[in-house]
Amino acid sequence: MVTKIHHVGIVVERLDRAYGFWRDTLGLPLVRQAEIPDQGVRAALLAAGESEIELLEPTTPDSGVARFLARRGEGLHHVCFETPDVDAALSGLRAEAVPLLDERARQGLAGRIAFLSPAACHGVLVELATPPHGAQSQDSPVRLKRLVIGCREPHAAARSYQRLFGLPEVAINGGARCMLGWEGGGTLLMVPAAEVGDVEGMVALSMVAPEMAPLAERLQRAAAAMLVGAAEVTVEPRSSHGVHLHISRYHFP
Ligand code: CO
């Protein structure tokens, strides 16, 4: 039913400032920016390999995104899965009485989109999107790899994501964690909430880059708060608009 992580949505205070980190420092190319009045947001999509990063700035104080910002500050907001037919997906979910925020698909930045209720996905806000025909992924120096989700019961959460979206399981060494998704199309790593500060929901983002040195240099120039290892960088949330961000070296085939 779904084919990849289309994007991960991040709420920011100001889009122009968020470009400073996500576009200019990380180097993610801007795909599209638009104002979406019915959602009370100004939004941008940036290419991140097979997936994208969506930045969302509230434009009205009563929007869901404005309430999120007031309550939790900047940070990870939703995950969007690509599906070839969002209307069919939605009617399938409706038939199973899955709680939805959008009863009907509507036009969004990523194409025809619809949101499920967070109650459907263990506290994670999930969006489904069918991009316009001919939409192509752009090359980018840093790619999205994995979204880490804190869960009371990772295996139960993984089973419901499999049931709702048909997400394939990625081989992993047993234990308390589960990984779903696609090598190349983005994965979800479900971990026990106790391992991530007792947080339920999206807690961190992992990205990969073929070359760490130029990236580390750009981060240093931007005075980003980070820990630098031989083949990885961990950026602190205060420098990445509330996102725990881990970037490691990876050579793309
Ligand atoms: Co979105």
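Refer to the structure presented above.
(A) The coordination of the cobalt ion, seen in detail. His7 (NE2), Glu54 (OE), His78 (NE2) and Glu127 (OE) make up the full set of protein donors to the cobalt ion, lying at 2.0 to 2.1 Å. Coordination at the cobalt ion comes from four donor atoms whose angles at the metal span 87 to 175 degrees, giving a geometry best classed as irregular.

(B) View of the pairing of strand 10 (residues 178-182). A large share of strand 10 lies buried, amounting to five of its five residues. Side-chain alternation along strand 10 places Cys178, Leu180 and Trp182 on one buried face and Met179 and Gly181 on a second face that is also buried. From the end of strand 10 to the start of strand 11 (residues 186-192), which pair antiparallel, there are three residues, and Gly184 there has a positive phi angle of about 100 degrees.

(C) Spatial organisation of the packing of helix 1 (residues 15-25) against helix 5 (residues 213-221). Running from N to C, helix 1 and helix 5 cross one another at 160 degrees; their axes reach a closest spacing of 10 Å. Here helix 1 lies roughly antiparallel to helix 5, going by the angle between them. Taken as a pair, helix 1 and helix 5 cross one another with a handedness that is right-handed. Here Phe21, Asp24 and Thr25 of helix 1 come into contact with helix 5, specifically with Leu215, Arg218 and Leu219. Of the residues in the contact of helix 1 with helix 5, the class split is three nonpolar, one polar and two charged.

(D) Region of the structure containing the packing of aromatic side chains. Scanning the entire structure with this criterion turns up three aromatic pairs. When the ring of Phe21 is compared with that of Trp22, the centres are 5.1 Å apart and the planes differ by 85 degrees; the resulting orientation is edge-to-face. Residue class for Trp22 comes out buried when judged on its relative accessible area of 0%. Pairing Phe81 with Phe165 gives two aromatic rings, centres 5.1 Å apart and planes at 50 degrees, and the pair type is tilted. Here the residue Phe81 occupies a position in strand 5 (residues 75-82), and Phe165 occupies one in helix 4 (residues 154-165), the gap between them amounting to 84 residues. Accessibility classification places Phe81 together with Phe165 in one group, the buried group. Among the aromatic residues, those joined into a cluster by ring pairs are Phe81, Tyr161 and Phe165. If you follow Arg23 out to its NZ or CZ, it ends over the ring of Tyr19, 4.5 Å from the centre.

(E) Highlighting the nonpolar core. If you look at the biggest cluster of nonpolar residues, it comprises 64 residues, and the most contacted ones within it are Trp22, Phe81, Tyr161, Phe165 and Met207. Each of two domains, domain 1 (4-130) and domain 2 (143-249), supplies a minimum of three residues to this core. Counting residues in each nonpolar core, the second largest holds 16 residues, with Val11, Ala43, Leu45 and Leu69 among its members.

(F) Examining helix 3 (residues 86-95) more closely. Buried within helix 3 we find Val86, Ala89, Leu90 and Leu93. The buried residues of helix 3 occupy one face: seen down the axis, they fall within an arc of 100 degrees. Where helix 3 is buried, its residues contact strand 7 (111-115), strand 8 (126-130) and helix 4. Of the residues flanking the start of helix 3, the one acting as N-cap is Asp85, its side-chain oxygen 3.2 Å from the backbone nitrogen of Asp87. Remark: Ala97 follows helix 3 within two positions and exhibits a positive phi of approximately 60 degrees.

(G) Expanded view of helix 5. Taken residue by residue, helix 5 has Leu215, Ala216 and Leu219 as its buried positions. Across the axial projection of helix 5, the buried residues extend over an arc of 100 degrees, all falling on one side. Away from its buried face, by an angle of more than 90 degrees, helix 5 presents the exposed residues Ala213, Gln220 and Arg221. At its buried positions, helix 5 is contacted by helix 1, strand 12 (201-209), strand 13 (226-228), strand 14 (232-235) and strand 15 (245-249). In the stretch just after helix 5, Ala223 is the one whose phi turns positive, near 55 degrees.

Definitions and limits used
Residues numbered from 1 in each chain as written. Predicted model: local features only at pLDDT ≥ 70, side-chain atom pairs only at ≥ 80, totals over all residues. Heavy atoms only, no water. Donors = N, O, S within 2.8 Å, 3.2 Å for Na, K, Ca; no water. Tetrahedral: all angles 85-135°; square planar, octahedral: opposite > 155°, others 65-115°. Buried < 20%, exposed > 50% of the residue type's maximum accessible area, 1.4 Å probe, protein only. Helix = DSSP H or I, 4+ residues; strand = E, 2+ residues; numbered from the N terminus. Pairing = 2+ DSSP bridges. Axes fitted to C-alpha atoms, helices over the stretch in contact; angles between N-to-C directions. Parallel < 35°, antiparallel > 145°, perpendicular 65-115°, else oblique. Left-handed = near helix turned anticlockwise from the far one by under 90°. Contact = heavy atoms within 4.5 Å. Nonpolar A, V, L, I, M, F, W, Y, C, P; charged D, E, K, R; others polar. Phe/Tyr/Trp six-rings, centres within 6.5 Å; stacked < 30°, edge-to-face > 60°. Lys NZ or Arg CZ within 6 Å of the ring centre and 35° of its normal. Core = buried A, V, L, I, M, F, W, Y, C linked by side-chain atoms within 4.5 Å. Domains from an automatic or database assignment. Arc of directions from axis to C-beta. Polar contact = N/O pair within 3.5 Å; in protein donor to acceptor, adjacent residues only side chain to side chain.

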